[in-house]
Each structure stands twice: as C-alpha cells, then as structure tokens.
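One-letter residues, chain by chain:
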Amino acid sequence: MKMIRFGRVYNGIFISLIGMCIWGCIFAYSADSPQESNIPDQFSVVSIVYHRFGDSRYPSTNTSVQDFEAHIKYLINQDFVFSTASQVYANCNRFPNQKQVIITIDDGYRSFYSNGLEILKKNKARATLFVNTESVGWKDYLTWEQIKEISNKGIEIGHHSHAHTYFLNLSDAERCQQFEEDLLIAESLFEKHLGFIPKVYSYPYGEFDHGMRKVLEKHGYKMAFAQNSGVWNEQSDPLAIPRFPMAGDFVELKQFKSKVNMSPLKWQQSEQLPLIVNAGEQVSFKLKLDHPDLGPLNCFIAGESRSEVFTKQQEGLLVAFRAPENRRRTLITFTARDKEGKWCWGSRLVINPCIEE
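For clarity, every value in this text was computed on a predicted model and none was experimentally measured. (Residues numbered from 1 in each chain as written. Predicted model: local features only at pLDDT ≥ 70, side-chain atom pairs only at ≥ 80, totals over all residues. Heavy atoms only, no water.)

Asks: Can you tell me about empty space enclosed by the protein, naming the residues and giving the values?
Replies: Within the structure shown, the criterion is met by 1 cavity of 30 Å³ or more. Taken as a whole, the largest cavity spans an internal volume of roughly 170 Å³. Forming the walls of the largest cavity are 18 residues, and the residues nearest its centre are Ser236, Pro242, Trp267, Gln272 and Ser347. Considering each element in turn, the lining of the largest cavity owes the most residues, 3 residues, to strand S20 (residues 343-351). Tallied by class, residues from the lining of the largest cavity come to 8 nonpolar, 9 polar and 1 charged. (1 Å grid on protein atoms, 1.4 Å probe; cavity = no way out; pocket = protein on both sides within 12 Å on 5 of 7 lines; lining within 4 Å. Points joined across faces, edges and corners; volume = space filled by probe spheres on them. Helix = DSSP H or I, 4+ residues; strand = E, 2+ residues; numbered from the N terminus. Nonpolar A, V, L, I, M, F, W, Y, C, P; charged D, E, K, R; others polar.)

Here is the structure:
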C-alpha cells in the first residue's frame, strides 16, 4: 500500500493550518472562484481533459500539437464558447442556450506551457489548469513563475492535490485525514506563490470516495472533476463532474466531434460516485435513468460491449457483473439515442485499490 509522506518542512504549515481551521478557516479566493449557483433544467456542458502536448514519450497521455489545434479550431467553427470551470458554474443561469465547453488540463506538465498555451492564447480560448503542488518545478513540470504567467493570461488555476497520491490505497481510517492534510498543504502553497487558493478541484487519477467528497465540501469547494466520461448536467453531482479524455487513442477529430456534441445520460447523484471493489467481486448497482424516450441502450465495460450485464426494471436498470481481476479502474459506459436521434452518454467508475499501478 502506498502511503503519503510529507516532509518535515510542511509540519509547521499543517499545524498552523489546522489551527486556522479550528478558528474558522479564512480562505483567499481567485477571481474565478465558483459562486453559489442553481443549475437550471436542461443544463448540459461537455468537459474535456488533456495532460501532455506534443510529448511523444508518453503516448497514452499525450495530444499532438496538430490534434489540439484541430480540436480548438473545430470548437470555434461550431460556435462553442470557451469558459473556465468556475465561469460555467457561476453563469449557468445566464446563458442557457450557449454551446459551452470546458477545456481542462491535469498535472501541470511543462509541455502545456511550451506547446499548448499559445494555441489557446491565439484563439482567445479559456481553460482550467489543474496543478499538483508537490511536483511544481520538477523536471517536465511547470514552475511557479510559469503558473503565475499562465494565470495572468486568462487560464484558471485549479487544485489537483499536493502529492497526487493514490488515496484509495489508504485504510478507511486514514484516508480522509491524509486527504485533508494534503489539501491544506497545497492550499498553503497556492496562497504563498499565487496569492489565492483555487476552489476548483480535480481528483488524482479520478479516484475518490464519499468521505473525500465531504472533505472538499467542508472546505468550501463547490465543484470537483472526476475522470469518468460523460456530460455535466443538472442532475450531476457538482463534486463529481465527468470529463472526456483527449489523449492517446482518443484524439482523432472524428472522435472529438462525437464527444463534444454528446448529450447526457442522467441518473441520480448517489449513483455517480465510484464503486470500490475487490478483484473478482460481484458488482451490483442500480441506475434510475431520467429519460422518457430513449432508444436501445448499449453497455460497455472497459470498452467491450457487454449488453448482458444489465436488465431493465420498472425504476431503471440493474447492473451486475464480476469485477476484472487485473484492472485497477474499470469504466462502465452506457450510450443510447434520444428521441431526436442525438447520442447520449454516461458512465460510472469501478475501482479496485488492491491493483498497483
């Protein structure tokens, strides 16, 4: 099991922050911090996640400069509005008919500064960059000076943890405590180097549970992003917002067009958190779909068609299958066409923390 190790240099920081929390936790906010928002009916926004740009050493998380530019040009030609995550949250009632897209970038790799930022800048496209603070300044990662420059160019800075660890590897008793410690250490570094604390979060590896979600809620976070694919809608848990990955085998323009024009499959918030399982365990859960006129449903487990794993019931779907033996993260995806012929998409993540990566 992997454990978080915080250096002694942070012990004083953490003790001070705990004291602050006891007396009320006064936080600094960036200009883009999410404000209170009531998500309107029929709300639908696609979020996309990138990692590296023009870095062929890591093909599974890389997007070529040519592909990224083609993505941005397509969005412009189709009259999509580029917004940061916080802008969408704060203004969702003001522009209900706009086609909006949220470009997110995880991990803070230097290749974004070298190969991605200029494409956004010249196209006047906004985005949200999620930074894990421990790696700032490491080889291949952004420096604080670069992050500040990026922020000044209209890119929202988001919180992606301090140590970017596998929190689900920790015991139930340790997990929330260490997640909170990690959260506060990163907050102190953001405030020190940038002068504000981002209040938009992206879970490392897209892994989290109900307890981690409650920690974010406790500390004033209004929105957080997962890594299961899907479309943010009025029934989405705002602390478990889905995103479509755009790297590796998923960057072709045809696939990109399909994802950014996708409609949401909607189900209850309690059914949106990841399921934590053991290898070979029988997984069973229900989905109460909120769609009166859907065509035939398709189901995929880790990209493989598996229509036999679900049955329709009066109040929705019953999904049952055996968890894979050798996969840490398994995505269960449903697709169907609505009455207008548009494809709808939704997914749920199954995680086996016993599998090391």
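Asks: Run through helix H5 (residues 144-152), naming residues and quoting values.
Replies: Because each turn of an α-helix spans 3.6 residues, side chains separated by three or four positions end up pointing in the same direction. Buried residues of H5: Trp144, Gln146, Ile147 and Ile150, and no others. Down the axis of H5, the sector holding all buried residues measures 160°, keeping them to one side. Exposed positions of H5 whose direction lies more than 90 degrees from the buried face are Glu145 and Asn152. Taken together, the buried residues of H5 touch helix H4 (110-122), strand S6 (128-131), strand S7 (156-159) and helix H6 (172-194). (Buried < 20%, exposed > 50% of the residue type's maximum accessible area, 1.4 Å probe, protein only. Arc of directions from axis to C-beta. Contact = heavy atoms within 4.5 Å.)

Asks: A description of the confidence of the model for the chain should follow, citing residues and the corresponding values.
Replies: In this model, the chain carries an average pLDDT of 89, and 89% of its residues clear a pLDDT of 70 or more. Segment residues 1-31: pLDDT under 50, and 48 contacts once partners within four positions in sequence are set aside and those in other chains are kept. (pLDDT = per-residue confidence, 0-100.)

Asks: Can you break down the sheet that holds strand S18 (residues 316-322) residue by residue, with the values?
Replies: An order of S14-S18-S17 is seen for the 3 strands of this open sheet, with the pairing classed as antiparallel. Edge positions in the sheet fall to strand S14 (282-287) and strand S17 (310-313), since each of these pairs with one other strand and no more. Shown here is a sheet whose adjacent strand axes are inclined to one another by a mean of 15°, direction ignored. Pairing of S14 with S18 involves 6 bridges; the strand directions are antiparallel. Within the sheet, the bridge partner assigned to Phe285 lies in S18 and is Val319. (Pairing = 2+ DSSP bridges. Axes fitted to C-alpha atoms, helices over the stretch in contact; angles between N-to-C directions.)

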